[in-house]
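# Examining the three-dimensional arrangement
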Amino acid sequence: RFVARARQRTGGALRQALSQVRTDRFLVMNGDSFCPVDVHARATAHAARRARAALWLVPAEDCRGAGLVEIDEHGAVRAFHEKPPEKHQGLISAGIYLLERTVVETIPPGKPVSLETDFFPRLIGQGLYAVIGRGPFLDIGTPDAYGEAGKLFPFATQA
């Protein structure tokens, strides 16, 4: 019943599912990636900063496929830099977000909204923070990447 139409993209789907969320703060995770997350550290940092939204970031040697996230010394997100054309080291989003219900309620219902390109950039300077974790981060959204997952999780590709 929460099947999001392709035009709603990630933010629209999240807004649509909000009616089923029973808490004021909740965790959102992309379904096509893997990254270990310390939920306790995440929640502690989120509460201490009075964040409206917090991203889980991981260091990457090559950000070409993911884009860079720039933060300040307190963890506030300062900028997003979309997929650099050259190999570049930096912090990338692991697709794991701790969100306040009130901030998700600002997403207009029934409209196509991307979390990554529309929603999060709009929150810069308005309570958007990040917590830096460790990898590995694995995007498993393509057949090649899924094949790579088998090296980390051999049981995942066994039939």
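Residues numbered from 1 in each chain as written. Predicted model: local features only at pLDDT ≥ 70, side-chain atom pairs only at ≥ 80, totals over all residues. Heavy atoms only, no water.

### Side note on the pairing of strand S4 (residues 68-71)
Every regular strand shows the same layout, with side chains that alternate between the two sheet faces. Note that S4 and strand S5 (residues 77-81) share 4 bridges and pair antiparallel. In the strand pairing of S5, Glu 70 is matched with Ala 79. Between S4 and the antiparallel strand that follows it, S5, lie 5 residues; Gly 75 among them carries a positive phi value of about 90 degrees. (Pairing = 2+ DSSP bridges. Helix = DSSP H or I, 4+ residues; strand = E, 2+ residues; numbered from the N terminus.)

### As for the confidence of the model for the protein chain
Looking at the protein chain as a whole, its pLDDT mean stands at 85, while 91% of the residues score no less than 70. Confidence over residues 1-8 falls short of pLDDT 50; this stretch has 15 contacts with residues more than four positions distant or in other chains. (pLDDT = per-residue confidence, 0-100. Contact = heavy atoms within 4.5 Å.)

### Focus: helix H4 (residues 115-122)
Every α-helical turn comprises 3.6 residues, leaving residues that sit three or four positions apart pointing alike. Within the span of H4, buried status applies to Leu 115, Phe 119 and Phe 120. In a view along the axis of H4, the buried residues occupy a sector of 90 degrees, so they form one face of it. Those residues of H4 hidden inside the fold are in contact with helix H1 (9-17), strand S3 (53-60), S5, strand S6 (90-100), helix H3 (101-104) and strand S7 (128-132). Regarding H4, its N-cap is Ser 114, as a side-chain oxygen of that residue lies 3.3 Å from the backbone nitrogen of Glu 116 further along. (Buried < 20%, exposed > 50% of the residue type's maximum accessible area, 1.4 Å probe, protein only. Arc of directions from axis to C-beta. Polar contact = N/O pair within 3.5 Å; in protein donor to acceptor, adjacent residues only side chain to side chain.)

### Some points on the sheet that holds S7
Strand order across the open sheet formed by 4 strands is S1-S6-S3-S7, with mixed pairing between neighbours. What marks the edges here is a single partner per strand, and that holds for strand S1 (25-29) and S7. Looking at each pair of strands side by side, their axes are set apart by 35 degrees on average, direction ignored. Along the sheet, H4 contacts S3, S6 and S7; its crossing angle with S6, the most-contacted strand, is approximately 70 degrees. (Axes fitted to C-alpha atoms, helices over the stretch in contact; angles between N-to-C directions.)

### A few points about helix H2 (residues 39-49)
Buried residues of H2: Arg 42, Ala 45 and His 46, and no others. When H2 is viewed along its axis, its buried side chains cluster within an angular range of 100 degrees and face the same direction. Along H2, the residues that are exposed and aim more than 90 degrees away from the buried face are His 40 and Ala 48. In this structure, the buried side of H2 is in contact with S1, S3, S6 and S7. For H2, the side-chain oxygen to backbone nitrogen distance between the N-cap and His 40 is 3.2 Å, and the N-cap itself is Asp 38. Arg 50 sits one or two residues past H2 and shows a positive phi near 55 degrees.

### Details of the pattern of salt bridges
Applying the stated criterion across every chain yields a total of 4 salt bridges. Linking Arg 101 and Glu 105 is a salt bridge whose minimum nitrogen-to-oxygen distance equals 3.4 Å. Residue Arg 101 is classed as buried on the basis of its relative accessible area of 18%. (Salt bridge = Lys/Arg side-chain N within 4 Å of Asp/Glu carboxyl O.)

### Regarding the packing of aromatic side chains
The geometry of an aromatic ring pair comes down to the distance between the two centres and the angle between the two planes. For the structure on display, the rule yields 2 aromatic pairs. With 4.7 Å between their ring centres and 55 degrees between their planes, Tyr 97 and Phe 120 make a pair best called tilted. Of this pair, Tyr 97 sits in strand S6 while Phe 120 sits in helix H4, and the two are 23 residues apart along the sequence. Each member of the pair, Tyr 97 as well as Phe 120, carries the same accessibility label: buried. Centre to centre, the rings of Phe 119 and Phe 120 are 5.4 Å apart; their planes meet at 55 degrees, and the pair counts as tilted. In terms of burial, Phe 119 and Phe 120 fall into one category: buried. Here a set of aromatic residues connected by ring pairs shows up, and it is made of Tyr 97, Phe 119 and Phe 120. (Phe/Tyr/Trp six-rings, centres within 6.5 Å; stacked < 30°, edge-to-face > 60°.)

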